Structure formats: structure tokens, C-alpha cells
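Observations on the model geometry
Here's the letter readout for the chains.
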Amino acid sequence: GENVEQHPSTLSVQEGDSAVIKCTYSDSASNYFPWYKQELGKRPQLIIDIRSNVGEKKDQRIAVTLNKTAKHFSLHITETQPEDSAVYFCAAQYAGNMLTFGGGTRLMVKP
Amino acid sequence: NAGVMQNPRHLVRRRGQEARLRCSPMKGHSHVYWYRQLPEEGLKFMVYLQKENIIDESGMPKERFSAEFPKEGPSILRIQQVVRGDSAAYFCASSPRQEETQYFGPGTRLLVL
């Protein structure tokens, strides 16, 4: 089955700096890669996603890049703000079935 | 358009009791997925259902756990004879079609005493 590794597990940045979270996946058949943000005690919320026919996608301060050859994808957050502090999860999916999640990254943005 | 609904939001059970968790997908969504999240961990897939069918239950323990998504009404995840290790947050997600984005409900936090 699919296996998703996520790094780092914790990330502390100064407000205004950029944050990068990286994930690798094992199954080359995976074709959909969403990123979720989860605040304490809340539901995971989709923040951006990318499909395998695209190499990069951007939405305001958030961008995701995908390297299918190397089987890794990354989340980039620019101009971080304190409200970006949360746990971020990457995930991979193939054949429209379940999502396989990474272990999560706790992002702390210091004011 | 209301989001994914789950109830109860919090559930306390004693060891050996049954827990019944409900999930109402977003309007127009016929695909439901259940995930479990242990404290300080990621989400793990349990089961994938469409109306009246279990598509993939490979992540669900063979004993004590069952799931259904009837023609009418919410999807239900049932845990019989709960044990302390079942304490976790259980999230369901729904999508309108296969290979579409999954949207998560608020979760049910189960505590087994």
C-alpha cells in the first residue's frame, strides 16, 4: 500500500518568514495530493491540492509543488502569520480511494 | 450548503459498552470515508462506503468494528465492546464522486473509561 513520509515534524518560524514542508510517497500510481490544516480540536481543512498532471499550484500565500519522478511534493507558505500556526498534513490518493496521510507538521509562527 | 455533520461531538463510554458514531455527508455527496486520529498522530483510514455498499474496509479492525451507509440516513460507525485503546477522534469525510476532494466533518471524540 501507499506510504507517505512528512518532514519536519515541527517547524518554528518568525512571522513574515517562509515555511516549507516536504512529503514523499511510495506508490507511483498516486495521482492526487491534498494538504490539510488542522487547528487544535478542529477538523482537517483543505488548504490546497494538486493533481499529478500539474507541477505547481499557487493560491495567494500558499503554493504546492509536485515532482512525480522523485515522488515528492512540498507545501510553501510565504509571509507567515501567527494564524498560520497549526498542524499541517499532506496526503496521497490513488484510484479515488482513501487518503494516506503523512504524520503531520506542527508549525509555530512566532510574532 | 451545510458541511459534513457528525454526532455526537463527544462520547464517553465505559469498557465493554457500544459506541455508535454518525456521519451525514454534504448534500449531493454519496461517498463517505471514516478515519481515526489518535492523540498527537495523523489520520488513519478505516473504511470507505457508498450508499448501501462497503467499497474498502481494509483499515478497519476485523473484530468489534462495523460500518454502514444505508439508502436513507447517515453513515454509522459502530464499535462494540469498546476498550481504552479505542479512545480517539473519529472523522468522516465525504466527496461527491470518486477522485474528488474529500471534506471532513468536525469529528467525534470518543473517550473510553
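This paragraph deals with the interface of chain A and chain B. At the junction of the two partners, chain A supplies 22 residues and chain B supplies 22 residues. Where chain A abuts chain B, roughly 1,700 Å² becomes buried across the two surfaces, and 49% of that area is made up of carbon and sulfur atoms. Three residues, Arg43, Met98 and Phe101 of chain A, lead the burial of chain A against chain B; their summed loss comes to 29% of the area buried on that side. Glu40 of chain B is paired through a salt bridge with Arg106 of chain A; the nearest N and O atoms lie 3.1 Å apart. Contributing elements (two or more residues each) for the side of chain A that touches chain B: strand E4 (32–38) and strand E5 (45–51) of chain A. Residues that form the side of chain A that touches chain B fall into these classes: 9 nonpolar, 8 polar and 5 charged.

Our next topic: the packing of aromatic side chains. Residue and element names in this part refer to chain A. Within this structure, the stated rule accounts for 13 aromatic pairs over all chains. On the numbers, 6.3 Å between centres and 90° between planes, the contact of Phe89 with Phe101 is edge-to-face. Pair noted here: Phe89 is in strand E9 (residues 86–92) and Phe101 is in strand E10 (residues 100–101), with a separation of 12 residues, a long-range link. Of the two residues, Phe89 and Phe101, both sit in the buried class.

All names here are of chain A. Take Gln6: it is sitting in strand E1 (residues 4–7). Gln6 gets classed as buried once you look at its relative accessible area, which sits at 7%. From its side chain, Gln6 meets the backbone oxygen of Tyr88 in a polar contact 2.7 Å long. Only 3.0 Å separates the side chain of Gln6 from the side chain of Thr105, close enough to count as a polar contact. When sequence neighbours within four positions are dropped, the list of residues in contact with Gln6 reads Ile21, Lys22, Cys23, Trp35, Tyr88, Phe89, Cys90, Gly102, Gly103, Gly104 and Thr105.

Further remarks concern the pairing of strand E6 (residues 56–59) of chain A. Residue and element names in this part refer to chain A. In the sheet, E6 pairs with strand E7 (residues 62–67) via 4 bridges, with the strands oriented antiparallel. Bridge assignment links Asp59 to a residue of E7, and that residue is Ile62. Between the antiparallel neighbours E6 and E7 lie 2 residues, among them Gln60 with a positive phi of about 55°.

This next bit is on the pairing of strand E3 (residues 19–25) of chain A. Residues and elements named next belong to chain A. Residues Ala19, Ile21, Cys23 and Tyr25 line the buried face of E3, whereas the alternating positions Val20, Lys22 and Thr24 sit on a face that is not buried. Sheet topology note: the E1/E3 ladder contains 4 bridges and is antiparallel. Among the inter-strand pairings, Val4 is bridged to a residue of E3, identified as Tyr25. Two elements, E3 and strand E8 (residues 72–77), share 6 bridges in a ladder whose sense is antiparallel. Within E8, the residue paired with Ala19 across the bridge is Ile77.

Conventions we followed
Residues numbered from 1 in each chain as written. Chains lettered and ligands numbered in written order. Predicted model: local features only at pLDDT ≥ 70, side-chain atom pairs only at ≥ 80, totals over all residues. Heavy atoms only, no water. Contact = heavy atoms within 4.5 Å. Buried area = accessible area lost by both parts, 1.4 Å probe. Salt bridge = Lys/Arg side-chain N within 4 Å of Asp/Glu carboxyl O. Helix = DSSP H or I, 4+ residues; strand = E, 2+ residues; numbered from the N terminus. Nonpolar A, V, L, I, M, F, W, Y, C, P; charged D, E, K, R; others polar. Phe/Tyr/Trp six-rings, centres within 6.5 Å; stacked < 30°, edge-to-face > 60°. Buried < 20%, exposed > 50% of the residue type's maximum accessible area, 1.4 Å probe, protein only. Polar contact = N/O pair within 3.5 Å; in protein donor to acceptor, adjacent residues only side chain to side chain. Pairing = 2+ DSSP bridges.

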